[in-house]
Amino acid sequence: MTNSVLPIERVLARRVWDSRGHPTVEAEIQLHGGVLGRAIAPAGASTGSGEAVDLRDGGRRLGGLDVTNAVRNVTDIISPAIRGCDVFDQKGLDQLLVDLDGTDDRHRLGGNALIAVSMAALNAAAAAAGQPLWRYLLGDSQALIPLPEVQIFGGGSHAKKRVDVQDFMVVAPGASSFAEALDWTAEVYLAAGQRMEAAGRLRGVADEGGYWPVFKTNEEALEFLLWSIEDTGHSPGSDLAISLDIAASEFYEAGHYCLGLEGQEIDSDGLVELLVGWVDRFPIVSVEDPLAENDTIGMQRFTAAVGDRVQVVGDDYLVTRTDHVIQAARDGACNALLVKPNQVGTISESHQALEAAREAGFGTIISARSGETEDVTVAHLAVGWRAGQLKVGSFSRSERMAKWNEILRIEECLGDGTRFAGGSVLVAR
Ligand code: PGA
Ligand code: ZN
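Just so it is clear, the model here is predicted, and its values are computed rather than measured. (Residues numbered from 1 in each chain as written. Chains lettered and ligands numbered in written order. Predicted model: local features only at pLDDT ≥ 70, side-chain atom pairs only at ≥ 80, totals over all residues. Heavy atoms only, no water.)

Colleague: Could you give an account of the overall build of the protein chain, with specific residues and numbers?
Modeller: A count of helical and extended segments in the protein chain gives 13 helices and 16 strands. With the C-alpha coordinates of the protein chain rotated into their principal frame, the extents come out at 60 × 55 × 45 Å. Burial statistics for the protein chain: of 429 residues in total, 60% are counted as buried. The long-range fraction of contacts in the protein chain, counting pairs at least 24 apart against all pairs at least 6 apart in sequence, stands at 70%. For the protein chain, the computed accessible surface area is about 15800 Å², with 47% contributed by carbon and sulfur atoms. Positive and negative side-chain charges of the protein chain, numbering 37 and 61 respectively, have mean locations separated by a distance of 5 Å. (Helix = DSSP H or I, 4+ residues; strand = E, 2+ residues; numbered from the N terminus. Buried < 20%, exposed > 50% of the residue type's maximum accessible area, 1.4 Å probe, protein only. Contact = heavy atoms within 4.5 Å. Areas by Shrake-Rupley, 256 points an atom, 1.4 Å probe, with all protein chains shown as cover. Lys, Arg positive; Asp, Glu negative; His and termini not counted. Charge placed at Lys NZ, Arg CZ, Asp CG, Glu CD.)

Colleague: How would you explain the environment of Ala-292 if you had to name every residue and give the values?
Modeller: Following the sequence through the fold, Ala-292 ends up in the loop between β11 (284–288) and α8 (296–306). For Ala-292, a relative accessible area of 1% translates into the label buried. Residues Ala-292 and Arg-61, spaced 231 residues apart in sequence, show a C-alpha to C-alpha distance of 33 Å. What Ala-292 contacts, discounting residues up to four positions off in sequence, is Ala-248, Ser-249, Tyr-252, Tyr-257, Met-299 and Tyr-317.

Colleague: Which residues make up the sheet that holds strand β8 (residues 252–253), and what values do they have?
Modeller: Spatially, β8-β9-β10 is the arrangement adopted by the three strands of the open sheet, whose pairing is antiparallel. The sheet is open, and its two borders are formed by β8 and β10 (264–266), each paired with just one other strand. Bridge count for β8 against strand β9 (residues 256–259) is two bridges, and the pairing is antiparallel. By the bridge assignment, Glu-253 is partnered in β9 with His-256. Packed onto the sheet, helix α7 (residues 268–281) meets β9 and β10 and runs at close to 110 degrees relative to β10. (Pairing = 2+ DSSP bridges. Axes fitted to C-alpha atoms, helices over the stretch in contact; angles between N-to-C directions.)

Colleague: Go over the site of ligand 1 with me, naming the residues and quoting the values.
Modeller: By nearness alone, 14 residues border ligand 1, and Ala-45, His-158, Arg-369, Ser-370 and Lys-391 come closest of all. Contact between ligand 1 and Glu-288: an oxygen atom at 3.2 Å from a side-chain N or O atom of the residue. Protein chains shield 99% of the accessible area of ligand 1, which is 280 Å² for the free molecule. Looking at the shell around ligand 1 residue by residue, the class counts come to two nonpolar, five polar and seven charged. Both domains that furnish three or more residues to the shell around ligand 1 are identified here as domain 1 (10–130) and domain 2 (144–426). (Near = heavy atom within 4 Å. Polar contact = N/O pair within 3.5 Å; in protein donor to acceptor, adjacent residues only side chain to side chain. Nonpolar A, V, L, I, M, F, W, Y, C, P; charged D, E, K, R; others polar. Domains from an automatic or database assignment.)

Colleague: Which residues make up the domain arrangement of the protein chain, and what are the values?
Modeller: The domain architecture assigned to the protein chain consists of domain 1 (10–130) and domain 2 (144–426). The C-alpha-based centres of domain 1 and domain 2 are spaced at 27 Å. Contact residues are listed per partner, giving 32 residues for domain 1 and 29 residues for domain 2. Three residues stand out in domain 1 for area buried against domain 2, namely Ser-19, Pro-42 and Ser-46, and they jointly supply 21% of the buried area on that side. Our enumeration of links across domain 1 and domain 2 arrives at four salt bridges. Salt-bridge contacts for Glu-349 lead to Arg-106; the nearest nitrogen and oxygen are separated by 3.0 Å. Between the two partners, domain 1 and domain 2, sit 20 residue pairs in polar contact (both at pLDDT 80 or more). (Buried area = accessible area lost by both parts, 1.4 Å probe. Salt bridge = Lys/Arg side-chain N within 4 Å of Asp/Glu carboxyl O.)

Colleague: Summarise the pairing of strand β3 (residues 36–40); cite the residues concerned and give the values.
Modeller: With five bridges joining them, strand β2 (residues 23–31) and β3 adopt antiparallel strand pairing. What sits directly across from Ala-27, in β3, is Ala-39. Where β2 folds back on β3, the antiparallel hairpin that results is connected by four residues, among which Gly-33 adopts a positive phi of roughly 95 degrees.

Colleague: Report on the pattern of salt bridges, specifying residues and quantitative values.
Modeller: A complete count under the given rule lists 25 salt bridges for this structure. Linking Glu-219 and Arg-281 is a salt bridge whose minimum nitrogen-to-oxygen distance equals 2.7 Å. Of the two residues, Glu-219 sits in helix α6 (residues 218–231) while Arg-281 sits in helix α7, which places them 62 residues apart along the sequence. Among the ionic contacts, a cluster of salt bridges with common partners joins Arg-14, Glu-26, Glu-28 and Arg-38.

Colleague: Tell me what's going on with the coordination of the zinc ion (ligand 2), and back it up with residues and numbers.
Modeller: Within the protein, the atoms that donate to the zinc ion (ligand 2) are Asp-245 (OD), Glu-288 (OE) and Asp-315 (OD), at distances of 2.0 to 2.2 Å. Mapped onto the sequence, the donors of the zinc ion (ligand 2) take the spacing D-x42-E-x26-D. With Asp-245 in strand β7 (residues 241–245) and Asp-315 in the loop between β12 (311–314) and α9 (322–331), the pair connects residues that are 70 residues apart, well separated along the chain. Taking the relative accessible area as the measure of exposure, Asp-245 reaches 1% and is therefore buried. Among the residues examined, Asp-315 registers a relative accessible area of 1% and is labelled buried. (Donors = N, O, S within 2.8 Å, 3.2 Å for Na, K, Ca; no water.)

Colleague: So what's going on with the environment of His-256? Residues and values would help.
Modeller: Secondary-structure assignment places His-256 in strand β9. For His-256 and Gly-270, which are 14 residues apart along the polypeptide, the C-alpha to C-alpha distance reads 9.5 Å. If sequence neighbours within four positions are ignored, His-256 has contacts with Phe-251, Glu-265, Ile-266 and Asp-267.

Put into structure tokens, the structure is as follows:
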């Protein structure tokens with residue numbers, strides 16, 4: 001990184017549209033000398049209650065989802081406040097944004113306004129340094145190409161709760177490069193589509209591009225996924241394995257988990273038992289949010305039962321917050337962190353949470369949201385922060401493929417001798 005000082009001239013903001021056709025905030029940082037950095041805020045659907053708030057206009061227009069107030073906050077409040085700040089001082093800049101907002105959940109200026117500006121500043125700094133963002137972030141460290149975690153069936157609140165479990169994904173621990181991991185994943189995606197079609201169940205795709213989950217039970221989706229892996233000829237478990245995001249907060253109500261598909265209501269112990277049973281019978285290497293965000297005892301029980309052989313990921317449970325990560329490490333409630341920069345609001349806070357997770361011996365996964373755009377900043381963060389894993393949705397739809405394709409370019413640019421994370425980053429392995 002460079003040590004010189006380069007002042008921000010101004011910040012522009014505009015309303016653009018995300019992959020669900022919802023309005024979102026794009027920020028553009030202009031530096032002295034005409035250098036630009038741009039970024040677009042993503043948006044979640046199955047959000048944790050501890051997340052930074054997306055500021056939406058409310059009312060009837062565009063379903064209340066418009067972001068004119070968040071856009072105005074960037075141009076009228078943030079832009080004059082950060083004018084003259086050094087673009088290379090990301091921490092100082094982010095602290096200023098946090099102080100300017102002044103609320104814990106960022107509802108005054110909007111988490112969407114904050115993250116767009118914070119990411120745009122980072123992109124502007126890299127552009128000013130004349131480097132791709134991943135290289136700018138790495139400094140003198142060696143690059144680590146992440147293991148991709150790719151959705152094959154999309155469920156939960158990304159598919160109108162057609163199945164309860166949100167993400168049925170594959171990872172390729174046996175692949176020797178990112179390009180090979182994508183090759184194998186593409187074969188699984190193809191095989192799964194053919195299987196769904198042959199079974200008369202192909203109904204298009206869910207929010208993140210995974211197949212719409214026309215299944216009779218949650219477990220049937222797991223069976224279809226395993227068969228699709230077997231169809232490719234790669235070995236289940238060692239070459240290609242299953243990763244799940246249960247997103248259990250979405251079907252938790254008054255102390256119970258309501259599995260709509262099975263018409264079953266179970267308690268925390270019942271869900272732990274069900275999931276441990278799946279881990280025993282299927283080649284599952286990672287489970288995200290197995291229990292609800294406030295069910296610490298359930299998270300502890302699940303982690304105690306399988307944490308030595310499975311990655312247990314906190315998404316809604318940790319909401320990219322350093323204090324939550326430290327507490328979870330003490331509690332033994334999970335062993336990996338999902339990093340979603342817009343969950344907390346700024347790049348520096350996201351990086352701090354990632355460092356705290358690393359310190360605790362956790363695995364780290366950089367993640368996109370279910371509402372995405374062509375913005376590929378998260379792909380660069382995954383390489384530049386040496387996170388080891390990247391989760392951006394399925395293997396279709398350009399807002400997803402843009403991120404996978406960006407890593408292919410980075411891997412090619414690094415050439416021979418590039419370190420691909422592979423299965424070694426799944427902490428439990
Ligand atoms: P979201 O879901 O972006 O809709 O919150 C993604 C996830 O739960 O990982
Ligand atoms: Zn999740």
